[in-house]
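Observations on chain architecture
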Amino acid sequence: MSGPGLQTISLGQGQGPIAAAMIDKAIEQGTWVVLQNCHLASSWLPTLEKICEEVIPDPERTKSTFRLWLTSYPSPEFPVSVLQNGVKMTNEPPKGLRANLLRSYLNDPISDTTFFHGCNKPETWKKLLFGLCFFHALVQERRKFGPLGWNIPYEFNESDLRISVRQQQMFLNDYDEVPLEALTYLIGECNYGGRVTDDHDRRLLNSLLENFYNQDSIQKSHYRYSSSGSYYCPDSENYQGYLEYIKGLPFIVSPEVFGLHENADITKDQQETTQLFDGILTTLPRQAQGGARSTQQIIEDLASDILSKLPPDFNLEDVQGKYPVRYEESMNTVLFQELIRFNRLTSVVRNSLHDVLKAIKGMVVMSAELEDVFDSMMVGKVPVMWAAKSYPSLKPMGSYVSDLIARLQFFKVSRPIGSYVSDLIARLQFFKVSRPIGSYVSDLIARLQFFKVSRPIGSYVSDLIARLQFFKTWINDGMPTVFWLSGFYFTQSFLTGSLQNYARRYRIPIDHLGFEFEVMDQESEMDTKPNDGVYIRGLFMEGARWSRQTKVIDESNPKILFDTVPVIWFKPGVKADFKAKQSYECPVYKTSARRGVLSTTGHSTNFVLDIQLPSDRPHTHWINRGVAMLCQLDD
């Protein structure tokens, strides 16, 4: 349908009233209206919902030939009632590399015979065309590997491929020499790269494109896209030959074709399993069955246990007296600022737990915030109230709290063995059963549900405790020889403090300075402090490992997803004096999610810095592997 019977508008700022007028006119005339990009007009969506619920259903006003079409990306602001009352259609890329390639060749414009044979350099054109379609399938399929594939899952679609294919043919027809550099820029920086907002994802995108846009891919026969040779560019002269090759590709794809290590499959399967169990957990009943303990009793015990482990707030006056602000030692300021942040966090945790206990007993009203804390504790998640004041963490509640306390302890001593054994016996005693089988089964289900909660909560608590202990040790025993990089709330202030000490000692402008890096032989401790810079520990490498024998970055061992990195020496120096070496700039992230947002300080909430690691392979190999270092794991 076209002409006066169809009106379209792309929504955005100020377009809402125009769209409403279009709908009113179409309702009376019985024509069609298409509203595009509804997700960009979130503030107008409530008005749209009102129109769909009150105006359009009126049979006296709305003609039977009227239709309203809406297009949108997935958006939490999109009205649920509109989705429920409308006919929904989705256009998603097919699952699997083979299906993706086949769709590209069966869709316009590649399926058009005139277009397929419309280049004056047919051999080069067909090779680059197949490489471009393979690249398109690759960037879409990498999303299933989560952060290992892309830091941010971008919505690459058919329009990106379509414009790239047309531009490629135009450039090949217009130039005598193949303009690989221009094509690489157009496709990698504009068509596909225009969607990419993360610098490391942009680096990965160009690295992947480099595998398909190079002289070897044009000149060599059966140019291989994977190290095993299972995927290559066929030397077919006709369209049907490419279809036959694509249909012969395996359904199950090995990670090596994406440039990833075989362990990436394990990471992908673990992510899918975690999502499945998280969904199952949210559907479990919250009420106790049979003789099992009630939900309120479980939360009471859990809250009391966390409160018993949380140490009191740091005495900032004592710390400031012991570590005063000094020109030659910026770390004293770093310590004081960190303690302020952790005091703020532990106060929120402590007060919210006390309030939850009071609300359970009916002493205070169970507000929406307290209810969120209660529900989050029940499923082992970090409450929103805590996360708002917290450092980035994907740990479940238990590990988080333990890690926080350990950090504070660094900035007393573990439980005595007798106390630990007594606690263990008490926990085992808790699970002794002497009741009829029916009651036993009901109780067992409740206990299994409790375990689903207590283990993740234990992870969150453990992480919190570890951070608190980290800072207690610093306060009581003095500045550490090796700093636990993961323990800092605001890691960039620690790195800046180290550079500032060097700048003030040698009277060099701090903006001229940077870090060189040396991975030491020691795993976690050093005998003495370095003359300049700092020793750090606590990093985990994903996608590769550090070879203790060859002192370079190396392939991961099978079925070992993370490798603990030894102590690293951060050596400050003048950036202009640094010598170029064959290395890989390995990004460091606070959590395994890798993606972050720009904070008010100008730093990412997740990315910390790039560490240059010696490598005996091209850096593109590790870029395609998705190699990064993490300050903390999820468990």
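Structure shown above.
Below or above, wherever it landed, is the structure these notes cover. (Residues numbered from 1 in each chain as written. Predicted model: local features only at pLDDT ≥ 70, side-chain atom pairs only at ≥ 80, totals over all residues. Heavy atoms only, no water.)

**A short note on the packing of aromatic side chains**
Counted under the stated rule, the structure contains 45 aromatic pairs. Ring centres 5.7 Å apart and planes at 65 degrees place the aromatic pair Phe-130 and Tyr-245 in the edge-to-face group. Of the two residues, Phe-130 sits in helix α6 (residues 122-141) while Tyr-245 sits in helix α11 (residues 239-247), which places them 115 residues apart along the sequence. For Phe-130, a relative accessible area of 0% corresponds to the buried category. Against the face of Trp-569 rests Lys-571, its NZ or CZ located 4.9 Å from the ring centre. (Phe/Tyr/Trp six-rings, centres within 6.5 Å; stacked < 30°, edge-to-face > 60°. Helix = DSSP H or I, 4+ residues; strand = E, 2+ residues; numbered from the N terminus. Buried < 20%, exposed > 50% of the residue type's maximum accessible area, 1.4 Å probe, protein only. Lys NZ or Arg CZ within 6 Å of the ring centre and 35° of its normal.)

**Some details on the pattern of salt bridges**
Scanning the model with the defined rule gives 22 salt bridges in all. The shortest N-O distance in the salt bridge between Glu-123 and Lys-127 comes to 3.7 Å. Of this pair, Glu-123 and Lys-127 both sit in helix α6, four residues apart, which is roughly one turn of that helix. Between Glu-141 and Lys-144 there is a salt bridge, and its shortest N-O distance comes to 3.9 Å. The class of Glu-141 is buried, set by a relative accessible area of 8%. Among the ionic contacts, a cluster of salt bridges with common partners joins Glu-523, Arg-548 and Asp-563. (Salt bridge = Lys/Arg side-chain N within 4 Å of Asp/Glu carboxyl O.)

**Focus: the environment of Gln-296**
Relative to the assigned elements, Gln-296 resides in helix α13 (residues 295-309). As a C-alpha pair, Gln-296 and Phe-374 span 78 residues in sequence and 9.0 Å in three-dimensional space.

**Description of the sheet that holds strand β4 (residues 482-484)**
Strands sit in the order β4-β6-β11-β5 across an open sheet of four strands; the sheet is mixed. Looking at strand neighbours, the two that pair on one side only are β4 and β5 (513-519), the edges of this open sheet. Averaged over all pairs of adjacent strands, the angle between their axes in this sheet comes to 35 degrees, without regard to strand direction. Relative to strand β11 (residues 568-574), β5 runs antiparallel, the two being bridged by seven bridges. Paired with Gly-514 across the bridge in β11 is Gly-573. Helix α21 (residues 491-506) rests against β4, β5, β6 (534-537) and β11 of the sheet, and its axis sits at about 110 degrees to β5. (Pairing = 2+ DSSP bridges. Axes fitted to C-alpha atoms, helices over the stretch in contact; angles between N-to-C directions. Contact = heavy atoms within 4.5 Å.)

**Side note on the sheet that holds strand β1 (residues 6-10)**
Taking strand neighbours across the sheet as the criterion, the three strands line up as β1-β2-β3 in an open arrangement whose pairing is parallel. The sheet is open, and its two borders are formed by β1 and β3 (67-70), each paired with just one other strand. Strand-to-strand, the axes of this sheet are offset by a mean angle of 15 degrees, without reference to chain direction. Note that strand β2 (residues 32-36) and β3 share four bridges and pair parallel. The residue bridging Trp-32 from the neighbouring strand is Arg-67, located in β3. Together, β1, β2 and β3 form the strand contacts of helix α1 (residues 16-29), whose direction differs from that of β1 by roughly 165 degrees.

**Description of the pairing of β6**
Here three bridges tie β4 to β6, and the two strands are oriented parallel to one another. Paired with Trp-484 across the strands is Arg-537, a residue of β6. Note that β6 and β11 share three bridges and pair antiparallel. Within β11, the residue paired with Tyr-535 across the bridge is Trp-569.

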